[in-house]
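# Structural overview
What follows is each chain in one-letter form.
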Amino acid sequence: MISKSGQPSMKPTCSTAIDLSLSHGPAMAFRVDFADYEAEGVQHQHPQGQLILALHGAVTCTAESGVWIVPPDCGLWVPGGVPHSNQVTPNARLTYLFVEPGAAALPAECCTLSVSPMLREMIHRVADLSHSDAPDDHVERLVRVMLDELALMPHERLELPVSTHPKIASLAAALLADPSDRRTLGQWAEHVAVSERTLKRLMVEETGLSFGRWRRQLHLVIALRELAGGATVQQVAGDLGYESTTAFIVMFRKALGTTPSRYFADRLLNAERASGSIKHPGSPIAA
């Protein structure tokens, strides 16, 4: 990372700043403000499972066969030993929870979890106690209840499935680079040199989604990341190639059951209530 002066920045990456060997129990938690760190983009792995919570901003995680977005009031679970990389928005404030192997009945694959206000507060409490002189038995009881609650959290559909198949990977890379590209399935088939019928079959076999559903999921993942990073609904709608802001809001509502402004207002309010950091009501998203 280069500073404005042209000299290398001394900011560490978050992964280099956290010493997981300090864990003396089944779990440990850390708060991270990315104003103090470089944005992580290097693929890495660790034996502990990791839950990534976003209090503010968003995280995009690439792991296994998918891309996940972690907006406020959600958490991304990455099992231990899974190579992954995280891209964070510049305004991100996160909490990382690391769980020792076998310490809880958690999923064996990456997934986005809804996180209740109570669970979020418990995780933040564990982060506070990690740097205190609290008795070990008190911390262990809290951690056990926290892990039991975590195992009960429902899954959110905030994943973009990807594939290593060269034809699908080529299409996905192009649309990730330019999500406003509106070429039809037939035009993409010509671009990757297969028949439309073959590409249609490959999309379902490799991602589990039709081309149309996959592209809508791509737009949803990118929209959540950009909106959480501070972009307006109008900006995101334009960047994704929608003819109008209304058309984008209709897509968003069909996918998540609410408008972008209400989605972030509700989730951010829940997150700030849990952390005790409410400063003002309302949504960070300009409609």
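Cut-offs applied
- The residue numbers shown here count from 1 along each chain, following its written sequence.
- Only residues with pLDDT of at least 70 get local features here, since the model is predicted, and only at 80 or more are side-chain atom pairs given and counted; chain-wide, interface and lining totals rely on the full set of residues.
- Excluded from the side-chain calculation are hydrogens and water; included are all heavy atoms of the structure.
- Patches here: salt-bridge-free residues with over 30% relative accessible area, like charges joined within 9 Å, nonpolar side chains (Val, Leu, Ile, Met, Phe, Trp, Tyr) joined within 5 Å.
- Exposure was quantified through the Shrake-Rupley algorithm and a 1.4 Å probe, taking into account, for residues, occlusion by the shown protein chains and nothing else.
- What makes a salt bridge here is a side-chain nitrogen of Lys or Arg within 4 Å of a carboxyl oxygen of Asp or Glu, nothing more.
- The charged-residue count follows a simple rule in which Lys and Arg add positive charge and Asp and Glu add negative charge, with His and chain termini not counted at all.
- The atom standing in for a charge is NZ when the residue is Lys, CZ when it is Arg, CG when it is Asp and CD when it is Glu.
- Comment: elements are numbered from the N terminus, with helices defined as DSSP H or I runs of at least four residues and strands as E runs of at least two.
- Only protein chains enter the accessibility calculation, which uses a 1.4 Å probe; a residue whose area is less than 20% of its type maximum is buried, one above 50% is exposed, and one in between is partly exposed.
- Strands are treated as partners if at least two bridges between them are detected by DSSP.
- Lines fitted to the C-alpha atoms define the axes, with helices restricted to the stretch that makes contact. Angles between their N-to-C directions range from 0 to 180 degrees.
- The contact criterion used is simple: two residues touch if any of their non-hydrogen atoms lie within 4.5 Å.
- Ring pairs are drawn from Phe, Tyr and Trp, using the six-membered ring of Trp, whenever the two centres fall within 6.5 Å, and their geometry is named by plane angle: stacked under 30 degrees, edge-to-face over 60, tilted for the rest.
- To sit over a ring, a charge needs its Lys NZ or Arg CZ within 6 Å of the ring centre and within 35 degrees of the ring normal.

Going by what an unreviewed UniProt entry lists, the protein is known as AraC family transcriptional regulator and is assigned to Rhizobium daejeonense.

## Details of a positive patch on the surface
A contiguous patch of positive charge, built from R157, R213, R216 and K254, is present on the exposed surface. Summarising the element assignment, R213 is placed in helix α7 (residues 211–228).

## Focus on the environment of V88
Checked against the element boundaries, V88 lands in strand β6 (residues 84–88). Judged by its relative accessible area of 13%, V88 falls in the buried class. For the pair V88 and G229, spaced 141 residues apart in sequence, the C-alpha separation works out to 8.7 Å.

## What to know about the sheet that holds β6
Ordered in space as β6-β3-β4-β10, the four strands form an open sheet in which the pairing is antiparallel. If you trace the sheet from one side to the other, it starts and ends with β6 and β10 (159–161), each paired once. When the angles between neighbouring strand axes are averaged without regard to direction, this sheet yields 15°. Relative to β10, strand β4 (residues 66–70) is paired through three bridges, and the arrangement is antiparallel. Of the residues in β10, the one forming a bridge with G66 is P161. The strands touched by α7 are β3 (59–63), β4 and β10; relative to β10, the strand with the most contacts, the crossing angle is about 140°.

## Section: the sheet that holds strand β2 (residues 49–56)
What the six strands build is an open sheet, ordered β1-β7-β2-β5-β8-β9; its pairing is antiparallel. The two strands at the open ends of the sheet, each matched to only one other strand, are β1 (27–33) and β9 (155–156). As paired elements, β2 and strand β7 (residues 93–99) share seven bridges and run antiparallel to each other. Within β7, the residue paired with H56 across the bridge is R93.

## Topic: the packing of aromatic side chains
What describes a pair of aromatic rings is the distance from one ring centre to the other and the angle between the planes of the rings. Within this structure, the stated rule accounts for six aromatic pairs. A ring pair is formed by Y96 and F98, whose centres lie 6.2 Å apart and whose planes are at 80°; its orientation type is edge-to-face. Taken individually, Y96 and F98 each receive the classification buried, so the pair is uniform in this respect. Look at F252 and Y263: their rings are 5.7 Å apart centre to centre, the planes differ by 80°, and that puts the pair in the edge-to-face class. Of this pair, F252 sits in helix α9 (residues 245–256) while Y263 sits in helix α10 (residues 260–275), and the two are eleven residues apart along the sequence. Look at F252 and you get buried, because its relative accessible area is 0%. Taken together, the aromatic side chains of Y242, F248, F252, Y263 and F264 make up a single cluster linked through ring pairs. Note that R182 overlies the ring of Y242, its terminal NZ or CZ placed 4.6 Å from the centroid.

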